[in-house]
Amino acid sequence: MRYIISCIVLLACFALLQVSRYGMPSYFYRSTSEIIPGLFLAQLTSESDLVVVGQVATFDEERRENVTEQGQSFEVIHYVSKLNVSRLVKGKTNDSSIIVEFLSTPVRSYVIPNRGRIALFFLRKVAEKRFRPVEPYYPFLAAISIPPKVENTELDRAIGEIAQALEHPNVSEADKSTAIKALGSIDTVASKQALHRISNGNNISLQIAACAALFGLNDVSQMNIAEGLLLTPPKNVPIPMIQKLSSSLVRVKDPAAIPFLSKLISSGDLQTRRNASMALRNTGDRQASSALITALMDSDREVRYQGVMGLATITKHWEWAPAYDVYSANEQRYLTYWREWAKINR
């Protein structure tokens, strides 16, 4: 009986989620403890009924309401916008303009456009000529008035719009940063080509963001740029940006990165050493052995642990690949084994 009740509760929750997500205004109301969703371009495109490049002609408040969630009350402002359609990326409409609904509230980081804004909008139809953003946190991405080269698929067309805007001088750095995040969410030739161009550019903030996005796609072609930034961080670059670049290393698996990661394993920055050691482990390649042996001698336990696990992965000596709590309880046992192994196999 308890099992049946649990299933009913789960089904009810799922039904509420589907209603919330696909038709009612409650789609926009989330938990009062805000968790901002990830930006996934393929998902945004696929879930949209209409993807268009357009310009916001009007943007007006329609109504206000008070909403209560988990005992917290807050105001939600409903806006309506007339969007002049410039070109279609996905879907069909014969209308030169459509109505798009937006929401704003102090307890959510929803994004709303300014009047006159040109952008790539991802929309779900709610009525004739009336739409809402598929995702209110990412209702639109950067685009410019000039059309790019026409691509075959809807997703490729969206990538083309974003990639073109990414290199336009009139697009803000904030919009370009979001565009990089979008391109970094999908592994295609076109998205990576656009990220390569930005990573070779003159804007160091965007350069770092593009390198991090490429590493997230396991593209290590720009690892030499990251190596210089991580070993000798420019004084004018905020520390969080360098930390973000360092953190992106853990997504790397390509053995081509081993020569660069081997240098980073000796970095003076602890987090960079941890991330580089994890990336070396992830390659699973014997060429990483020397750097992983170096990790065994590190002053930090987590780096040493990655050295142990990396060598175990390469050699398939799984009996010497402990869970972290087991390792922590008897670290010296595993270090002794792998250091002895290193004397013979280095």
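The rules we used
- Residues numbered from 1 in each chain as written.
- Predicted model: local features only at pLDDT ≥ 70, side-chain atom pairs only at ≥ 80, totals over all residues.
- Heavy atoms only, no water.
- Helix = DSSP H or I, 4+ residues; strand = E, 2+ residues; numbered from the N terminus.
- Contact = heavy atoms within 4.5 Å.
- Lys, Arg positive; Asp, Glu negative; His and termini not counted.
- Charge placed at Lys NZ, Arg CZ, Asp CG, Glu CD.
- Polar contact = N/O pair within 3.5 Å; in protein donor to acceptor, adjacent residues only side chain to side chain.
- Phe/Tyr/Trp six-rings, centres within 6.5 Å; stacked < 30°, edge-to-face > 60°.
- Buried < 20%, exposed > 50% of the residue type's maximum accessible area, 1.4 Å probe, protein only.
- Lys NZ or Arg CZ within 6 Å of the ring centre and 35° of its normal.
- Axes fitted to C-alpha atoms, helices over the stretch in contact; angles between N-to-C directions.
- Left-handed = near helix turned anticlockwise from the far one by under 90°.
- Nonpolar A, V, L, I, M, F, W, Y, C, P; charged D, E, K, R; others polar.
- Salt bridge = Lys/Arg side-chain N within 4 Å of Asp/Glu carboxyl O.
- Pairing = 2+ DSSP bridges.

Draft legend 1. Structural detail: the overall build of the protein. Secondary structure summary: the protein contains 14 helices and 6 strands in total. Along the longest, intermediate and shortest principal axes, the C-alpha atoms of the protein span 75 × 60 × 40 Å. In the protein, 63% of the contacts between residues at least 6 apart in sequence involve partners at least 24 apart. Within the protein, one finds 39 positive and 33 negative side-chain charges whose respective centroids are separated by 2 Å.

Draft legend 2. View of the environment of W338. Relative to the helices and strands, W338 is located in helix 14 (residues 331-345). Remark: the alpha-carbon pair of W338 and G268, spanning 70 residues in sequence, is separated by 24 Å. Ignoring anything within four residues of it in the chain, the contact list for W338 reads L296, V308, L311, A312, T315, H317 and W320. Here the side chain of W338 touches W320 through a polar contact of 3.2 Å, landing on its backbone oxygen.

Draft legend 3. Main features of the packing of aromatic side chains. Tallied over the full model, the rule gives 12 aromatic pairs. Look at F121 and F140: their rings are 5.4 Å apart centre to centre, the planes differ by 50°, and that puts the pair in the tilted class. Taken together, the residues span a long stretch of sequence, with F121 in strand 4 (residues 118-127) and F140 in strand 6 (residues 140-142) at a distance of 19 residues. Considered together, F121 and F140 belong to a single accessibility category, that of buried residues. With centroids separated by 6.4 Å and ring planes inclined at 35°, the aromatic side chains of Y324 and Y327 adopt a geometry described as tilted. Pair noted here: Y324 and Y327 are both in helix 13 (residues 324-329), with a separation of 3 residues, about one helical turn. Across the ring face of Y334, the terminal group of R333 is positioned such that the distance to the ring centre comes to 5.2 Å.

Draft legend 4. Structural detail: the packing of helix 5 (residues 189-199) against helix 6 (residues 204-216). Between helix 5 and helix 6, whose axes approach to 8 Å, the crossing angle comes to 145°. Seen from above, helix 5 lies across helix 6 with left-handed handedness. Listed contacts from helix 6 to K192, L195, H196, I198 and S199 of helix 5 are L206, Q207, A210, C211, A213 and L214. Broken down by class, the residue content of the contact of helix 5 with helix 6 amounts to 7 nonpolar, 3 polar and 1 charged.

Draft legend 5. A look at the pattern of salt bridges. Enumeration according to the criterion identifies 21 salt bridges in this entry. Across the pair E62 and R130 runs a salt bridge whose closest N-O atoms are separated by 2.9 Å. Placement of E62 in strand 1 (residues 50-69) and of R130 in strand 5 (residues 130-133) is noted, with a sequence separation of 68 residues between them. The partly exposed category is assigned to R130, whose relative accessible area is 22%. Here K129 and D95 are joined by a salt bridge, their closest N and O atoms 3.5 Å apart. Note that K129 is positioned in the loop between strand 4 and strand 5 and D95 in the loop between strand 2 (72-90) and strand 3 (97-104), a separation of 34 residues in sequence. Given a relative accessible area of 42%, K129 falls into the partly exposed group. Overall, the relative accessible area of 24% leaves D95 in the partly exposed class. Three or more residues are tied together by salt bridges with common partners; here these are E62, E101, R130 and R132.

Draft legend 6. Quick peek at the pairing of strand 4. In this structure, strand 1 lies alongside strand 4, joined through 6 bridges in antiparallel fashion. Looking across to strand 4, one finds that G54 is bridged to A119. Inspection of the sheet shows strand 4 paired to strand 6 by 3 bridges, in the antiparallel sense. Bridging across to strand 6, A119 finds its partner in A142. A loop of 2 residues connects strand 4 with strand 5, the two strands running antiparallel in sequence, and K129 in this loop sits at a positive phi of about 65°.

Draft legend 7. How the structure looks around the side chain of T272. Among the structural elements, T272 can be located in helix 10 (residues 270-283). Judged by its relative accessible area of 2%, T272 falls in the buried class. Excluding its chain neighbours within four sequence positions, the residues that come into contact with T272 are L230, S246, L264 and S267.

Draft legend 8. Expanded view of the environment of V126. With respect to the element layout, V126 can be found in strand 4. When its relative accessible area of 35% is taken as the criterion, V126 is described as partly exposed. C-alpha separation for the pair V126 and I198, spaced 72 residues apart in sequence, amounts to 37 Å. Once residues lying within four places of it in the same chain are set aside, the contact partners of V126 are E101, F131 and R132.

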